[in-house]
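# Descriptive analysis of the structure
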Amino acid sequence: MKVLFLGNAASIHTVRWVNALVEKNHEVHLVFKHDDNPKDNLISKKVILHQLRFSGTKGYFINVPEMKKLFKQLKPDIVNAHYASGYGTLARLSQLYPLVLSVWGSDVYDFPYQSKFRMNLVKKNLLYSNAIASTSYCMADQVRKLINPEKREIFVTPFGVDVNKFCPSNKVNHSNKINIGNIKTLAPKYGIDDFIKSIRILVDDLIVKDLKEIAEKINVYIYGEGEQKEELIELIHNLDLENIIKLKGKIPNTEVPGVLEQLDIFCVASVLDSESFGVAAVEAMAMKKPIVATDVDGFKEVVNDGVTGYIVERKKPAALAQALEDLILDKELRLHMGEQGRLRVLKLYNWDNNVDTMTKLYEKFLINN
């Protein structure tokens, strides 16, 4: 099958999709705006790259003539555009078909509500497509709020993990430390500030309960870069947590399993429902780590509350602190939730199965059209 794939070539999500598709012996052509060129992420040499001339938001509009020409030359069997706002616009204006439009999160949760123009743009893009792919059921429901569900079928295509790469070694950790971690962009959407505040509450509560020796075992590692970095550094300083919380910077996806291996608990504190799948939590679950997560749509879907971790109210650092404390004080619970998390990932979020789901969608669509 010849697949024309439109997406940000610098995104690890795009990289994983196109690499997986070529490994399934499909011919994949990846098209991207000039400023979305590959950076840190390694794209398979089997993927054929097409960098369009223009950059920025305007690129979704003024790259149309070049895109049309490329489409006529390639004559793909299927087109898969990722992101209903940007590349969805390029696909529609370029009249690409048959089109599977993959929605990501903010493109259907946030972007449409910023103006009438943006709402109309996304609706047109969704309705132009021949099929819509969503990584989660909750995001599929959000799409149904934007368009009449009878107008376009929505398929759920989870963005899981490679369970062979994200596989715990089961080595016994002889350290007496309790390591809590988070891997996210340092931006307000991801609630890193709430996570940091929860650690202050957690430590203080343990000390009040005469559990200072346990409080002194806690280490917190936050991985990622972003616009909020300086603000978070100041917050850590003001809360006198510099000896406990370390900002470790951005790491490539290849290093994530090793980082997760060193953790005892994984905590994600996002505040917006556009966190519509929660792949970071899925990766941690695959590594047998119990999850403490906020009640945004994506986490509520992937984390089985009370079984693979805890779901708490967003923007409530005290709630995060209590859930973390429960896990810190009960090692057997941590281990049990970790085991259940791995089983859940194997059942629902095995990447190889998820890729098969997407390719079957392509095939189903082609058969029906």
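Above this note sits the structure.
Structure report, in brief. None of these values were measured; they are calculated from a predicted model.

## Examining the pattern of salt bridges
What the rule picks out here adds up to 15 salt bridges. As a salt-bridge pair, Asp352 and Lys24 come within 2.9 Å of each other at their nearest N and O atoms. In this pair, Asp352 sits in helix α16 (residues 351-368) while Lys24 sits in the loop between α1 (12-23) and β2 (27-32), placing the two residues 328 residues apart along the sequence. Accessibility expressed as a relative area gives 28% for Lys24, which makes it partly exposed. Here Arg144 makes a salt bridge to Asp141, at a shortest N to O gap of 2.8 Å. Separated by 3 residues within a single helix, Arg144 and Asp141 lie in helix α7 (residues 137-146), roughly one turn from each other. A residue is classified by how much of its surface remains accessible, and Arg144, at 35% relative accessible area, is partly exposed. Under the relative-accessibility criterion, Asp141 is labelled partly exposed at 42%. Taken together, the shared-partner salt bridges in this structure form one network comprising Lys24, Asp352 and Asp356.

## Quick word on the nonpolar core
Formed by 92 residues in total, the largest nonpolar core has its most connected members in Leu4, Leu6, Met67, Leu126, Leu260, Phe266 and Ile291. Top element by residues in this core is helix α12 (residues 279-286). It accounts for 7 residues. With residues up to four places along the chain from it excluded, the contact list for Leu126 reads Ala84, Leu101, Val103, Ile132, Val143, Leu146, Ile147 and Arg152. Ile180, Ala187, Ile192 and Leu327 belong to the second largest nonpolar core, which has 35 residues in total.

## Thoughts on the packing of α12 against helix α15 (residues 331-348)
Direction vectors running N to C along α12 and α15 enclose 115°, while the axes themselves pass 7 Å from each other. By the angle between their axes, α12 is roughly perpendicular relative to α15. Along this stretch, α12 crosses α15, giving a crossing that reads as left-handed. Contact residues: α12 offers Val282, Met285 and Ala286, while α15 offers Gly338, Gly341, Arg342, Arg344 and Val345. Taken together, the residues of the contact of α12 with α15 break down into 4 nonpolar, 2 polar and 2 charged.

Basis of the calculations
- For every chain, the first residue of its written sequence is number 1, and the numbers climb from 1 along that sequence.
- The predicted nature of this model means local features are confined to residues of pLDDT at least 70 and side-chain atom pairs, given and counted, to a pLDDT of 80 or more, with totals for whole chains, interfaces and linings taken over all residues.
- To obtain the side-chain values, all non-hydrogen atoms of the structure were used and water was disregarded.
- We define a salt bridge as a side-chain nitrogen of Lys or Arg found within 4 Å of a carboxyl oxygen belonging to Asp or Glu.
- By definition, any uninterrupted DSSP run of H or I lasting at least four residues is a helix, any uninterrupted run of E lasting at least two residues is a strand, and each is numbered from the N terminus.
- Note on exposure labels: buried denotes an accessible area under 20% of the residue type's maximum, exposed denotes more than 50%, and partly exposed covers the range between, all computed with a 1.4 Å probe on protein chains only.
- The term nonpolar core refers to a set of buried residues drawn from Ala, Val, Leu, Ile, Met, Phe, Trp, Tyr and Cys, joined through side-chain atoms within 4.5 Å.
- Contacts: residue pairs with any heavy atoms within 4.5 Å of one another.
- Only C-alpha atoms enter the line fits that serve as axes; for helices the fit covers just the stretch in contact. Angles between N-to-C directions range over 0 to 180 degrees.
- If an angle is under 35 degrees, it is roughly parallel; if it is over 145, roughly antiparallel; if it lies from 65 to 115, roughly perpendicular; otherwise it is oblique.
- Crossings are assigned a handedness: left-handed for a near helix turned anticlockwise from the far helix by less than a right angle, right-handed for a clockwise turn.
- By the convention adopted, Pro, Cys, Tyr, Trp, Phe, Met, Ile, Leu, Val and Ala count as nonpolar, Lys, Arg, Asp and Glu as charged, and the other residues, Gly among them, as polar.

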